[in-house]
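One letter stands for each residue in the lines below.
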Amino acid sequence: MPRVVSSEESFDLVVRDTEAKVDVAVREVKDLILREKVNFLIGPCSSGTGLAMQVVHSEYKILRIPPIANTEAQTVDKFTPYVVQVVPNTYMEAIAATRYLNKKVPNAKKFCTIGPDYEFGRREETAFGEEIKRLVPGAEIVYEAWPKLGEKDFTAFITAIMAKKPDAVHGSLFGGDLVSFTKQAAPYGFFEKTPFIALYDFPVLLALGPDAPEGTFGFGRGCFFMDPNPKIDGVCGKI
């Protein structure tokens with residue numbers, strides 16, 4: 001259990017790992033509240049574990065600030081005054097990316113999606129589906145890919161998407177999953193054949209380096225730290 005203490009500020013930071021597992025998250029948040037007597041919580045990464053934690057810390061009236069987990073459920077249908085979300089939620093993020101994709105590929109009507117099979121991915125792709133059908137009369141989602149979080153082999157999903165020959169693909173993969181997907185999809189000519197948008201934020205682009213697929217669309221959660229770049233258009237841009 002890592003612990004950082006600043007004597008100057010009398011600030012005690014206790015760090016726990018949820019392992020992206022609901023039971024672990026519930027156990028750890030209970031221990032932080034009941035034994036460590038924390039004043040507030042920051043985290044987690046997973047929207048799924050965040051919702052499980054929310055039930056516990058709300059009961060004890062402890063504030064939580066989720067800097068990464070962003071399911072709309074945290075602040076809308078499962079609203080509690082003990083959550084302050086500081087990033088765009090899944091609805092906001094998906095709607096912005098959908099409108100940007102529609103703007104860049106205006107004639108696209110046939111879509112595939114790929115997202116991690118848990119709360120975050122399901123929420124983002126639901127929002128995408130609803131918005132693209134509102135924007136594009138006759139829009140059709142011909143295939144939905146749902147790899148598990150932490151998937152190592154995306155081959156079956158890549159080939160299934162390409163077999164459908166979509167006009168565009170919306171993705172909600174992120175982090176290491178998006179890095180793995182990108183490296184595995186590139187040899188198939190995926191990015192040359194298919195307009196694709198996903199969460200290509202700064203850490204992902206840094207990890208990909210020269211392997212970042214040129215011409216692919218990326219979005220990030222308010223990348224205010226980026227230098228002005230003509231290739232960046234608002235929160236979405238072209239790699």
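Chains are numbered independently. Their residues run from 1 in the order of the written sequence. Restriction of local features to residues with pLDDT of at least 70 applies here, the model being predicted, together with a cutoff of 80 or more for giving and counting side-chain atom pairs; totals for whole chains, interfaces and linings are based on all residues. Side-chain metrics in this entry use all non-hydrogen atoms of the structure; hydrogen atoms and water are not considered.

Undergrad: Sorry, what's going on with a nonpolar patch on the surface here?
TA: Residues enter patches when their relative accessible area tops 30% and they take part in no salt bridge; the joining distance is 9 Å for like charges and 5 Å for the nonpolar side chains Val, Leu, Ile, Met, Phe, Trp and Tyr. Under the convention used here, a 1.4 Å probe and the Shrake-Rupley method define accessible areas, while residue burial counts only the protein chains that appear. The term salt bridge refers to a side-chain nitrogen of Lys or Arg lying within 4 Å of a carboxyl oxygen of Asp or Glu. Among the surface-exposed residues, Phe-11, Leu-13, Val-15, Phe-40 and Ile-42 lie close enough to one another that they form a single nonpolar patch of about 450 Å² accessible area. Comment: elements are numbered from the N terminus, with helices defined as DSSP H or I runs of at least four residues and strands as E runs of at least two. Mapped onto the fold, Phe-11 is located in strand S2 (residues 11-14).

Undergrad: Hey, could you run me through the pattern of salt bridges in this one?
TA: A side chain with one charge can pair with a side chain of the opposite charge if their charged atoms come near. Evaluated as defined, the whole model comprises 15 salt bridges. A salt bridge links Glu-131 to Arg-99, with the nearest nitrogen and oxygen atoms 2.9 Å apart. A residue pair is termed long-range when its members are at least 10 positions apart, and Glu-131 in helix H4 (residues 119-135) and Arg-99 in helix H3 (residues 90-104) qualify at 32 residues. Under the scheme applied here, a residue whose accessible area is under 20% of the maximum for its type counts as buried, over 50% as exposed, and between as partly exposed, the area being computed with a 1.4 Å probe on protein chains only. On the accessibility criterion, Glu-131 (5% relative accessible area) is buried. We note a salt bridge from Glu-131 to Arg-134, for which the minimum N-O separation is 2.8 Å. Placement of the pair is Glu-131 and Arg-134 together in helix H4, with a separation of 3 residues, close to one helical turn. Three or more residues are tied together by salt bridges with common partners; here these are Arg-16, Arg-27, Glu-28, Asp-31, Arg-35 and Glu-36.

Undergrad: What should I look at first to understand the layout of surface pockets in this one?
TA: Here the idea is plain: a probe the size of a water molecule rolls over the atoms and shows the empty space left. A pocket here means an open set of points on a 1 Å grid, computed over the protein atoms alone, that has protein on both sides within 12 Å along at least five of seven lines. A cavity is instead a set of points where a 1.4 Å probe fits but cannot get out; residues with an atom within 4 Å of a point line either one. Grid points are joined across faces, edges and corners, and a volume is the space filled by probe spheres set on the points. Considered as a void within the structure, the largest pocket measures approximately 540 Å³ in volume. Around the largest pocket, the lining is made up of 22 residues, and of these Leu-13, Val-14, Phe-40, Leu-41 and Ile-42 lie nearest the centre. Contributions of two or more residues to the lining of the largest pocket are made by S2, helix H1 (22-34) and strand S3 (40-42). Ten residue types, Ala, Val, Leu, Ile, Met, Phe, Trp, Tyr, Cys and Pro, are classed as nonpolar, four, Asp, Glu, Lys and Arg, as charged, and the remainder, Gly among them, as polar. Residue composition of the lining of the largest pocket, grouped by class: 13 nonpolar, 3 polar and 6 charged.

Undergrad: What exactly am I supposed to notice about the environment of Tyr-82 here?
TA: Relative to the helices and strands, Tyr-82 resides in the loop between strand S4 (63-65) and H3. For Tyr-82, a relative accessible area of 22% gives the class partly exposed. In this structure, the C-alpha to C-alpha distance between Tyr-82 and Ile-65, residues 17 residues apart in sequence, is 8.5 Å.

Undergrad: Please clarify how the packing of aromatic side chains should be interpreted in this entry.
TA: Aromatic rings considered in pairs are described by the distance between their centres and by the relative angle of their planes. Pairing of aromatic rings covers Phe, Tyr and Trp, the last through its six-membered ring, and needs centres within 6.5 Å; plane angles under 30 degrees mean stacked, over 60 mean edge-to-face, and all others mean tilted. Evaluation of the coordinates by the stated rule reveals 13 aromatic pairs. Here Tyr-118 and Phe-120 contribute two aromatic rings whose centre-to-centre distance is 6.4 Å and whose plane-to-plane angle is 40°, an arrangement assigned as tilted. Note on accessibility: Tyr-118 and Phe-120 belong to one class, buried. Taken together, the ring pairs connect Phe-154, Phe-157, Phe-181, Phe-190, Phe-191, Phe-196 and Tyr-200 into an aromatic cluster. Above the ring of Trp-146, the side-chain terminus of Arg-122 is found at 3.8 Å from the ring centroid. Definition used: whenever NZ (Lys) or CZ (Arg) falls within 6 Å of the ring centre and also within 35 degrees of the ring normal, the charge is taken to sit over that ring.

Undergrad: Please clarify how H4 should be interpreted in this entry.
TA: Note on helix geometry: an α-helix contains 3.6 residues per turn, so any two residues three or four positions apart are oriented the same way. The span expected for a helix works out to 1.5 Å for each residue beyond the first. The terminal C-alpha atoms of H4 lie 24 Å apart, and with 17 residues this matches the ideal 24 Å at 1.5 Å per residue to within 8%. All of the buried residues along H4 are Phe-120, Gly-121, Glu-124, Glu-125, Ala-127, Phe-128, Gly-129, Glu-131 and Ile-132. On its buried face, H4 sits against helix H2 (47-59), H3, strand S5 (110-114), strand S6 (140-145), strand S7 (168-171) and strand S9 (217-219). For this analysis, residues touch if any pair of their heavy atoms sits within 4.5 Å.

Undergrad: Looking at this structure, how should I read the nonpolar core?
TA: Looking at soluble globular proteins, one finds that nonpolar side chains tend to be buried together. Ile-114, Leu-178, Phe-181, Phe-190, Phe-196 and Tyr-200 are the most contacted members of the largest nonpolar core, which totals 22 residues. Secondary-structure elements contributing two or more residues to this core are S5, helix H5 (155-164), helix H6 (175-185), helix H7 (190-193), strand S8 (196-198) and helix H8 (202-208). Contacts of Phe-190, omitting those with residues within four sequence positions, involve Ile-158, Ile-161, Met-162, Val-169, Phe-181, Ala-185 and Phe-196. We call a set of buried residues a nonpolar core when its members are Ala, Val, Leu, Ile, Met, Phe, Trp, Tyr or Cys and they connect through side-chain atoms within 4.5 Å of each other. Among the nonpolar cores identified, the runner-up in size contains 17 residues, and Phe-128, Ala-168, Ile-197 and Phe-217 belong to it.

No statement about biological role is implied by the geometric values presented.
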